Amino acid sequence: MASSSVTYNSHAQRPDGYPSHAKFISTSPDGSVFRKFTELNVRNLLYLQSETLDLEAQLYKHDAEDVEVIAAKSDLDDAVARDHAARSYLQLKRGQRVMDQGRLELVQRIREALKAYNEALVLFGQVITMDTPSRRVMKCLNSVENPLIDFGERYLENEGDLAVLAGSITKSDTLTERIRSLFGYTLRAKTADGGQEIGYVSLKRVDRIVNIVKVLLATLFLGGAILVLYFVKSNKIRPAIITAFVSLFALCLTFSTAATKVEIYGASAA
């Protein structure tokens, strides 16, 4: 008789399909690549915007009617009722006239439409600014056979519409990416499940090598500049040497760090 208790085992095999693909993606932050559905999100926003514009036009039409009736005062009771409803939301809610009920229903529809529109707008604003996966990540994902047999099989085809959720975590400078690409096999780490299909690069090992290279480059630029300026006595050539070293230093910062342009200018000027 089978036991009713279930024991969780993270190393257990998963059936091919969504279970196995989910396990594969979850083994590394780089694998969290999904569609943005940019066009569908834009279309949805256009629909919500159009709906809200229509409600807005209806509300402003009622406002124009109120202004006209209140100013004319041809029907004093109607003018007073409209004036009170315009000045007091509670009066509008308590109003017994069909007009008041219709106006209140319109306000509630606007509230619901704005809620849906604002939520969609904010969420899409977050999605559209997500980082796109690097070529290294795409090469890795495309090298593995996708076990899905429905529409999910083709979700990686539109690379321009993909987002990596861990972009801010896994983003690195050009030097780090190059070392990953060139020495990734040497710096690989064992996977938790012993899988051999994909090699996972040890970020700690990469960071150690990158730090060593950065120290060597900094020493080379500083020591090299001092030595060259020591042996070159001509004051006409020295400015050109200084300019060359500063330019090389800025170029080195561009490829070996994630510094912004302003930070690079500041470091070069210092």
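Residues numbered from 1 in each chain as written. Predicted model: local features only at pLDDT ≥ 70, side-chain atom pairs only at ≥ 80, totals over all residues. Heavy atoms only, no water.

Participant: What am I meant to see in the overall build of the protein here?
Facilitator: Summing up its helical and strand segments, the protein has eleven helices and four strands in all. Taking all 270 residues of the protein together, the buried fraction comes to 27%. Considering only contacts within the protein whose residues lie at least 6 apart along the sequence, 62% involve residues at least 24 apart. Per element, the accessible surface of the protein, about 19500 Å² overall, is 61% carbon and sulfur. (Helix = DSSP H or I, 4+ residues; strand = E, 2+ residues; numbered from the N terminus. Buried < 20%, exposed > 50% of the residue type's maximum accessible area, 1.4 Å probe, protein only. Contact = heavy atoms within 4.5 Å. Areas by Shrake-Rupley, 256 points an atom, 1.4 Å probe, with all protein chains shown as cover.)

Participant: What am I meant to see in helix α2 (residues 38-72) here?
Facilitator: Owing to its 3.6 residues per turn, the α-helix brings residues three or four apart onto one side. The end-to-end C-alpha distance of α2 is 51 Å, a good match for the 51 Å that 35 residues give at a rise of 1.5 Å each. Along α2, the residues classified as buried are Leu45, Leu48, Thr52, Leu55 and Asp66. (Expected span 1.5 Å × (residues − 1).)

Participant: Just checking my understanding: could you explain the side chain of serine 20 for this structure?
Facilitator: Summarising the element assignment, serine 20 is placed in helix α1 (residues 18-26). Once you skip the residues sitting within four places of it in the chain, serine 20 turns out to touch Arg14, Pro15 and Pro147.

Participant: Help me out: how do you make sense of a nonpolar patch on the surface in this one?
Facilitator: On the surface, Leu227, Tyr230 and Phe231 cluster together into a nonpolar patch covering about 400 Å² of accessible area. With respect to the secondary-structure elements, leucine 227 resides in helix α9 (residues 203-231). Given a relative accessible area of 52%, leucine 227 falls into the exposed group. (Patch = residues over 30% accessible without salt bridge, like charges linked within 9 Å, V, L, I, M, F, W, Y side chains within 5 Å. Salt bridge = Lys/Arg side-chain N within 4 Å of Asp/Glu carboxyl O.)

Participant: What's the story with the nonpolar core in this structure? I'm lost.
Facilitator: Soluble, globular proteins show a tendency: their nonpolar side chains are buried together. Phe24, Ile25, Val33, Val137, Met138, Leu141, Val144, Tyr155, Leu156, Leu162 and Val164 together form the largest nonpolar core, which totals eleven residues. At the level of elements, α1, α6 (135-142) and β2 (162-164) are the ones that each hand at least two residues to this core. Beyond its immediate stretch of four places on either side in the chain, valine 33 contacts Pro133, Val137, Leu141, Tyr155, Leu156, Leu162, Ala163 and Val164. Among the nonpolar cores identified, the runner-up in size contains five residues, and Leu48, Tyr117, Ala120 and Phe124 belong to it. (Core = buried A, V, L, I, M, F, W, Y, C linked by side-chain atoms within 4.5 Å.)

Participant: Could you clarify how one ought to interpret unusual backbone geometry in this entry?
Facilitator: Trans peptide bonds make up the majority, and among non-glycine residues the majority have a negative phi. For phenylalanine 37, which is not glycine, the phi torsion reads 50 degrees and is therefore positive. Secondary-structure assignment places phenylalanine 37 in the loop between β1 (33-35) and α2. On the basis of relative accessible area, phenylalanine 37 is assigned to the partly exposed category, the value being 39%.

Participant: So what exactly am I meant to see when it comes to a negative patch on the surface here?
Facilitator: Negative charge collects at one region of the surface, where Asp16, Glu145, Asp150 and Glu153 lie side by side. One can find aspartate 16 in the segment before α1. (Lys, Arg positive; Asp, Glu negative; His and termini not counted. Charge placed at Lys NZ, Arg CZ, Asp CG, Glu CD.)

Participant: Would you mind showing me how to read the confidence of the model for the protein here?
Facilitator: As a general rule, the predicted coordinates of low-pLDDT regions are not to be interpreted in detail. Per-chain confidence: the protein averages 78 in pLDDT, with 77% of residues scoring 70 or above. Of the regions scoring below 50 in pLDDT, residues 192-196 engages in three contacts with residues more than four places distant in sequence or in other chains. (pLDDT = per-residue confidence, 0-100.)

Participant: Would you take a moment to explain the pattern of salt bridges for this structure?
Facilitator: Any two side chains of opposite charge can pair, on the condition that their charged atoms come close. Evaluation of the coordinates by the stated rule reveals four salt bridges. Among the salt bridges present, the one from aspartate 161 reaches arginine 35, with a minimum N-O distance of 2.7 Å. Taken together, the positions of aspartate 161 in the loop between α6 and β2 and arginine 35 in strand β1 put the pair 126 residues apart, joining distant regions of the chain. The partner of arginine 103 in a salt bridge is aspartate 66, and the shortest N-O contact between them spans 2.7 Å. Of this pair, arginine 103 sits in helix α5 (residues 98-128) while aspartate 66 sits in helix α2, placing them 37 residues apart in sequence. Note on accessibility: arginine 103 and aspartate 66 belong to one class, buried.

Participant: Where do I start with the side chain of histidine 21 in this structure?
Facilitator: For histidine 21, the position within the fold is in helix α1. Histidine 21 has contacts with Asn146, Pro147, Leu148 and Tyr155, leaving out every residue within four places of it along the chain.

Participant: Help me out: how do you make sense of the environment of glutamine 49 in this one?
Facilitator: For glutamine 49, the position within the fold is in helix α2. For glutamine 49, a relative accessible area of 33% corresponds to the partly exposed category. On a C-alpha basis, the gap between glutamine 49 and leucine 114 in space is 8.8 Å, while along the polypeptide they are 65 residues apart.

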